[in-house]
Structure formats: structure tokens, C-alpha cells
There are 2 protein chains.
Amino acid sequence: MPSSHALRLPEAADVEAAAERLRGQIVTTPLLESAALNERLGGRLLVKAEMLQRTGSYKFRGAFNRLSRLDGTERGRGVVAYSSGNHAQGVAAAARALDIPALIVMPSRAPMVKVEGTRSHGAEVVFYDEASERREEVAERLAGERGATLVRPYEDAEVVAGQGTVGLELAAQAGAAQAALDAVLVPCGGGGLVAGTALVLAKVCPAAELWAVEPQGFDDTRRSLAAGERLEIAPGAKSFCDALLAPTPGKLTFALNRRLLAGGLAVDDATVAAAMRDAFTYLKVVAEPGGAVALAAALSGAFDCRGKTVAVICSGGNVDPEAFGKVLGETA
Amino acid sequence: MPSSHALRLPEAADVEAAAERLRGQIVTTPLLESAALNERLGGRLLVKAEMLQRTGSYKFRGAFNRLSRLDGTERGRGVVAYSSGNHAQGVAAAARALDIPALIVMPSRAPMVKVEGTRSHGAEVVFYDEASERREEVAERLAGERGATLVRPYEDAEVVAGQGTVGLELAAQAGAAQAALDAVLVPCGGGGLVAGTALVLAKVCPAAELWAVEPQGFDDTRRSLAAGERLEIAPGAKSFCDALLAPTPGKLTFALNRRLLAGGLAVDDATVAAAMRDAFTYLKVVAEPGGAVALAAALSGAFDCRGKTVAVICSGGNVDPEAFGKVLGETA
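In this text, all values refer to a predicted model and were calculated from it rather than measured experimentally. (Residues numbered from 1 in each chain as written. Chains lettered and ligands numbered in written order. Predicted model: local features only at pLDDT ≥ 70, side-chain atom pairs only at ≥ 80, totals over all residues. Heavy atoms only, no water.)

As a further point, take the sheet that holds strand S6 (residues 149-150) of chain A. Residue and element names in this part refer to chain A. Taken together, the 4 strands give an open sheet; going across it, the order is S5-S4-S3-S6, and neighbouring strands pair in parallel fashion. The sheet terminates laterally at strand S5 (124-128) and S6, the two strands that pair on one side only. The pairing of strand S4 (residues 102-107) with S5 spans 5 bridges and is parallel. Bridge pairing links Met106 to Phe127 in S5. (Pairing = 2+ DSSP bridges. Helix = DSSP H or I, 4+ residues; strand = E, 2+ residues; numbered from the N terminus.)

As C-alpha cells, then:
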């Protein structure tokens, strides 16, 4: 079980402290803009390009912030994480930077680019069978056997605070671009990125509405926000957004998100694929399916950008070349 | 013919003046780095991601700098440019920003993404037949008929000075990353980007060797540097690097490059395609063939990076999805 320390609710000051710890360790990812996309939308769209972050997603931020808080004894015993691939790479790279042994539990069907990326950072990878095992249980057992610290992907105040540094950068860059944000759309799996971002934007950019965007069928946060309680996804749902398949909102993240978000939106796979193609054509960046859902909500009109200034976070770019080539070959 | 003003040799001070004019008009493109690529090379590789520039290549810099020097009468008469596609988009976007009519002469086989990009900025596009017409002559005739200013892609001091602002940013970003550059590799067609970059790096980063990188068969600058005089390509050469098919070095650019460069390198199409895949996998950016030649020289060992700190400019990302999908599908 997570310690009570890890499950306390983070505050904006925790995000600011995380930004200090991350200074010099992370890429200040650019805020991109396309005249052609602005024209199409009849609004102003700003895209936070977090696929350009170390390890190809925002996850390095939360992982490094969390691991940098471990003491010498804890570091020696190592860390264990479970992840479909981006948290895996984030923890592996942060562990290597801090000289901590890392073991990562991954689904056997994770994209190869994510498995290879995790191994390239020196982490040990253990696969589990998605049909017969629960990844949390596998990871808890392995951490217990080794006396290692389990680094959860979103049920952790320091992880959420680290992810929130994306929002801190975004607010500063929007200010420099003289953009008064009406709304910010954020990809949502367990809800860590949107919760951390919401925390800090509520302080530095209170006029902006925050929206969580999920794949259709995995819109547990959208439905939970509407219901006022944590709901699970319906069984049998499928999506190619492998990074966003969490079955229910995190306790910690939902406690923040129900207070701070305007609501949730859902987009289907075809809409996401179109957004990946537009990111390729107009922004020249590689967005993975889960990383492109917020962009998809803006470009498809699921969120109406007309007359507004809207920022979206593109949260990752770890997609296999075959899968990306297939998306490029599909017509809209 | 270009005016004598345009054919004077630019100096480092012209690049600094261009940077002032471009402030707030351009993206400060990031300098990317991948731990995996550094490990593979046994050195440190920094990648200036100019595909993230407005219009998807560095060409907007030179075009905006040149057009901003036109007086009111000249602006009213408009501009004409000839280009395989990136200078076209740069001139079109700069002309729109400054409210100047633009006509662009393009080859009939230019990538669709470049033709559509040029039109999307409001420019008029005229195609010429590569087999039977010389694009300079078509453009000169059209400019003469309209009294418009012909904006050449590299035989122009203000264009070269604008392109050199890439080098100015690169030097500052390398300094911030505590990287003492041993070498900088730059894609080369007519030689404007490398000449402008060389001008400014000779001043602010004199220890770095500058190398021009060209597609195999179009290595006129490499051969000209070795011979000490401007040579033409051999007839019948083919390459998919559509942005870098200039048949001979520019007079103005060669006068600078023969003084400032360490030499030239050539890479074949398969090597370039491998670099495009690596940019996709490790850097999450879209490099077009011509934009990837310098990266290809570093990653293939054509330039030996072992034990060195090397920066490469990735100069553009305007590639059709079908062509990019094909590159992703090829195995190394």
C-alpha cells in the first residue's frame, strides 16, 4: 500500500518545489503553434510538445521528482514500477540518473519502442500477463521481496507534483506568447498529469478551464466527474491509446480533479489518428495515440475552440514505426 | 540580376541585426539530445530542430529578414521567388506577415505538402517544367513583368544573414547546455544556411569546425571546397533530398564557405532514410530527407563523433505522409 505520505494531497507549492528539483534535468519543451491550424479552428491553439521530453513523455518529471526524495537507504534497495511503457521509461531514466536500481513490470503486449526504451535506461523488465494477473499485485509482490520502493504512476503526491511542472512551464510560455488561456485540454489515464497541471493553473492562470480528455470507452474520469464519484470503465472496451487504459480514476487524482476540473471529454480512435496526422503535417512532431487525445478534442470540435485561446498538452511520442506508418496511410 | 547590394558579403554583424528583426517573429527552436544516440555514438550529439520553425524549415528566417528591408514602394509591387518548396513557404509566410503580395515559381513535381503550405500562406503559385525551363529565368521574367522584387534563396546577403540566426541560437543553447562544440554539421543546397551559420560561429564559437553535408551526387559544395573553385554536379544524379538539389554552389555563399568551412561530406539516400527513422524514434520529430543529411552524417559515422561534442542542424520537416510512411517501413 502507498504510505500516507505519498497519498497526501499535493498543493501548488509542491509543484513549484518539484520545478526546482527538476531544473537542469528536464527539457523545457516548446509551446508550438500553427497558423494553418489556427485558421482552421477559428481560434488560437497552443500545443505543449511533451513528446520532446526526456524518454519521449512527461513521465520523467514525476519519476525524477519522486526518486529524488528517497534517502540513501531507500536508494540502495531500488525501485519497482508498473507501467504500460511511459512511466516505465520515466522511472528507468530517473533511476539511472540517480544511480538507483530499477525493476519495471510491463504488459507483454506493450509497444516495442517502450520496452526497448525502458531497457536502454538500464532497468530490469518483468512482463505480466494482462489476462490473468493484476499488475499492481505483481509489482507489490516484487517490491516486497526486494525491500524496494514501489513508485506508483499517479497515486503519489510527489509524482503528481512533478507532472504538474508541465503546467507551470505552459503558463509561463503562454504568457510570453501573449496568450490569455481560455481553456487547457490534458490527456488523462489515471489523472496525474491533469491533476498536477490543474493544481498549478488554478494558482497562476485561474481564468483557464481545465478539461481531462480520454479515449472513448476509457472515459472513466469524464463519467466520474459527472457522477461525483469514482466509476469504472465498462468491460470489453478497446482503444489503441495504450497509455490511457486505466480502468478507474486514482483516489488521489480524483480528489483533486473533482475540485479543479471543468469536466471530461472523450474521443474515438479515428479522431485521434487524424490528430496524429495533423501533428505530423502542421507541427512536425510525433504524437503517440494516448499523447494526441487532447489535440484530437480540439481539432475535431469535441471542444469548440472558435474565438478562444486553447492550450493542449501532447503528452508523449512513443509509438512504433509500423503503427505510425499505418496512421499516416489512413485517409481522414 | 541581383543588385550589388544583395550580393555584398554579409558579416557577423548582419546576422546579429537579423536576429533583432526576427525577435518575436520566429520560434526559438529547441536543441534536442538523446541519451541513447549519445551512447551509440560514443560522443555527445545536439540536434537543432529547425523543422519546428514557422513553415516547417529555417527558410522563414532569411525570407522575413530580406522582406523586412523592402521600402513601402517595393512592398506594394510584391515579391517573386523560385523554390522547390521550403524557400517558397518561407517567402509566402513572411510576405503575408508583412502584407506583401507574393508569387512563387515551383517545380511541377514538388511535394504536395510544400505546394499546399505555400498556398495556405496566401501566395500565388506558378509551376514550371523542370525538363524544359530554368526556374531562375521564369522567376526573373515574372518579376520583371510585375516590377516585383526577386527574392533569391541564397544569392542575397540579407537572406544569408537571416539563415545565420540559426547558428546564433545554436551557440547560445550549446553554451546553456555546457556543451563545448567540436564540430557543427549543416545541410547544404546552395549553401545559405551553412554560410550564415559559419559567419556567426566563427565569431562566437571559433573552436568549432563547420562542415557542409550534401546528398550523394549533389555534393558540388564538397567537391568545390576541395578544388578551390565552383564546380557543377555531374548530369544524371538522383536523390530523394528534394530540398538540396542545387547544381552548383552560390557565388556569394561559396565566397564565404571556402573561407570558413572545414570541408564537405556526402551521404546516400539509404543513410538519410535511417537518420529520418532515428529522428522519429529517439527525438520524436519529423525530418524531411534534405533536412536529415547532417544528422545522417553524424549517425552513420561519415563524420566521426567518438569523443566529441557535435551539433547538427535538422533544417526542415516538410515531407509527404506517404513518403515518410515508406521510410518508416524500410528496414535499416
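After that view of the structure, there is still more to cover.
Here the focus is the interface of chain A and chain B. Listed as interface residues are 22 residues of chain A and, on the opposing side, 22 residues of chain B. Linking chain A with chain B are 2 salt bridges. Its salt-bridge partner being Arg96(A), residue Glu39(B) comes within 3.6 Å of it at the nearest N-O pair. Where chain A meets chain B, there are 6 residue pairs in polar contact (both at pLDDT 80 or more). Listing elements by their share of the side of chain A that touches chain B, those giving two or more residues are helix H14 (269-283) and helix H16 (321-329) of chain A. Residue contributions to the side of chain A that touches chain B peak at 4 residues, all from H16(A). (Contact = heavy atoms within 4.5 Å. Salt bridge = Lys/Arg side-chain N within 4 Å of Asp/Glu carboxyl O. Polar contact = N/O pair within 3.5 Å; in protein donor to acceptor, adjacent residues only side chain to side chain.)

Note on backbone geometry: most residues besides glycine have negative phi, and most peptide bonds are trans. Phi is positive for Gln178(A), which is not a glycine, with a value near 50 degrees. Along the chain, the position of Gln178(A) falls in the loop between helix H10 (165-176) and strand S7 (183-187). With relative accessibility at 71%, the residue Gln178(A) sits in the exposed group. In this structure, Asp99(B) is a non-glycine residue whose phi angle is positive, near 60 degrees. Position of Asp99(B) among the secondary structure elements: in the loop between helix H6 (86-97) and strand S4 (102-107). With relative accessibility at 70%, the residue Asp99(B) sits in the exposed group. (Buried < 20%, exposed > 50% of the residue type's maximum accessible area, 1.4 Å probe, protein only.)

So, about the domain arrangement of chain A. Residue and element names in this part refer to chain A. By the assigned domains, chain A splits into domain 1 (4-57 + 159-329) and domain 2 (60-155). Taking the mean C-alpha position of each, domain 1 and domain 2 sit 23 Å from one another. Counting residues at the interface gives 36 residues for domain 1 and 24 residues for domain 2. Its largest share of buried area at the contact with domain 2, domain 1 owes to Arg21, Thr55 and Val159, together 28% of the area lost on that side. At the surface where domain 1 touches domain 2, the tally comes to 4 salt bridges. Between the two partners, domain 1 and domain 2, sit 14 residue pairs in polar contact (both at pLDDT 80 or more). Put simply, the parts of the chain that give the side of domain 1 that touches domain 2 at least two residues each are helix H1 (4-7), helix H2 (12-22), helix H9 (157-163), H10 and helix H13 (251-260). Top contributing element to the side of domain 1 that touches domain 2 by residue count: H9, with 5 residues. (Domains from an automatic or database assignment. Buried area = accessible area lost by both parts, 1.4 Å probe.)

The next thing to look at is the relation of the copies chain A and chain B. Once chain A is rotated about the relating axis by 180 degrees and shifted along it by 0.0 Å, it coincides with chain B to within an RMSD of 0.0 Å. The two molecules are tied by a two-fold rotation axis, judged by turn and shift. Of all interface residues in chain A, 100% are interface residues in chain B too; the two copies therefore contact each other through one and the same surface. (Least-squares fit on C-alpha atoms with pLDDT ≥ 70 in both.)

Attention now moves to the pairing of S7(A). Residues and elements named next belong to chain A. The element S7 is largely enclosed, with a buried count of 5 among its 5 residues. Where S7 lies against strand S8 (residues 209-215), 5 bridges are found, and the strand directions are parallel. Within the sheet, the bridge partner assigned to Val186 lies in S8 and is Ala212. For the crossover that starts at S7, traverses helix H11 (residues 192-204) and ends in the parallel S8, the hand is right-handed. Relative to strand S10 (residues 309-314), S7 runs parallel, the two being bridged by 3 bridges. Each residue of the ladder has a partner; that of Ala183, found in S10, is Val310. (Right-handed = clockwise from strand over helix to strand, strands pointing away.)

In this section: H2(A). Residues and elements named next belong to chain A. Within the sequence span of H2, burial applies to Ala12, Asp14, Val15, Ala18 and Leu22. Within H2, the buried residues cover an arc of 155 degrees as seen down the axis, which keeps them to one side. In this structure, the buried side of H2 is in contact with helix H4 (59-67), H9, H10 and H11. Phi turns positive one or two residues past the end of H2, at Gly24, with a value near 85 degrees. (Arc of directions from axis to C-beta.)

Within the secondary structure, Ala226(B) sits in helix H12 (residues 220-227). When the C-alpha positions of Ala226(B) and Ala262(B) are compared, they lie 10.0 Å apart, and in sequence the two are 36 residues distant.

Residues and elements named next belong to chain A. Strand order across the open sheet formed by 6 strands is S1-S2-S10-S7-S8-S9, with mixed pairing between neighbours. Every interior strand has two partners, whereas the edge strands, strand S1 (31-32) and strand S9 (263-267), have only one. In the packing of H11 onto the sheet, the strands contacted are S7, S8 and S10, and the crossing angle to S8 comes to about 175 degrees. (Axes fitted to C-alpha atoms, helices over the stretch in contact; angles between N-to-C directions.)

Among the residues of helix H7 (residues 112-120) of chain B, Val113(B), Lys114(B), Val115(B), Gly117(B) and Thr118(B) are the ones counted as buried. The inward-facing, buried residues of H7(B) contact H14 of chain A together with H6, S4 and strand S5 (124-128) of chain B. Trailing H7(B) by a residue or two, Gly122(B) shows a phi angle of about 90 degrees, which is positive.

The biggest cluster of nonpolar side chains holds 86 residues, and the ones touching the most others in it are Leu185(A), Phe324(A), Leu185(B) and Phe324(B). Among all residues touching Leu185(B), those that are not within four sequence positions of it are Trp211(B), Val213(B), Ala294(B), Ala297(B), Ala298(B), Phe303(B), Val310(B), Ala311(B), Val312(B) and Ile313(B). Val200(A), Leu201(A), Leu210(A) and Phe254(A) belong to the second largest nonpolar core, which has 34 residues in total. (Core = buried A, V, L, I, M, F, W, Y, C linked by side-chain atoms within 4.5 Å.)

All names here are of chain A. Running from N to C, helix H6 (residues 86-97) and helix H7 (residues 112-120) cross one another at 10 degrees; their axes reach a closest spacing of 8 Å. One way to sum up the angle between H6 and H7 is to call them roughly parallel. In contact with Asn86, Ala88, Gln89, Ala92 and Arg96 of H6, H7 contributes Val113, Lys114, Gly117, Thr118 and Ser120. (Parallel < 35°, antiparallel > 145°, perpendicular 65-115°, else oblique.)

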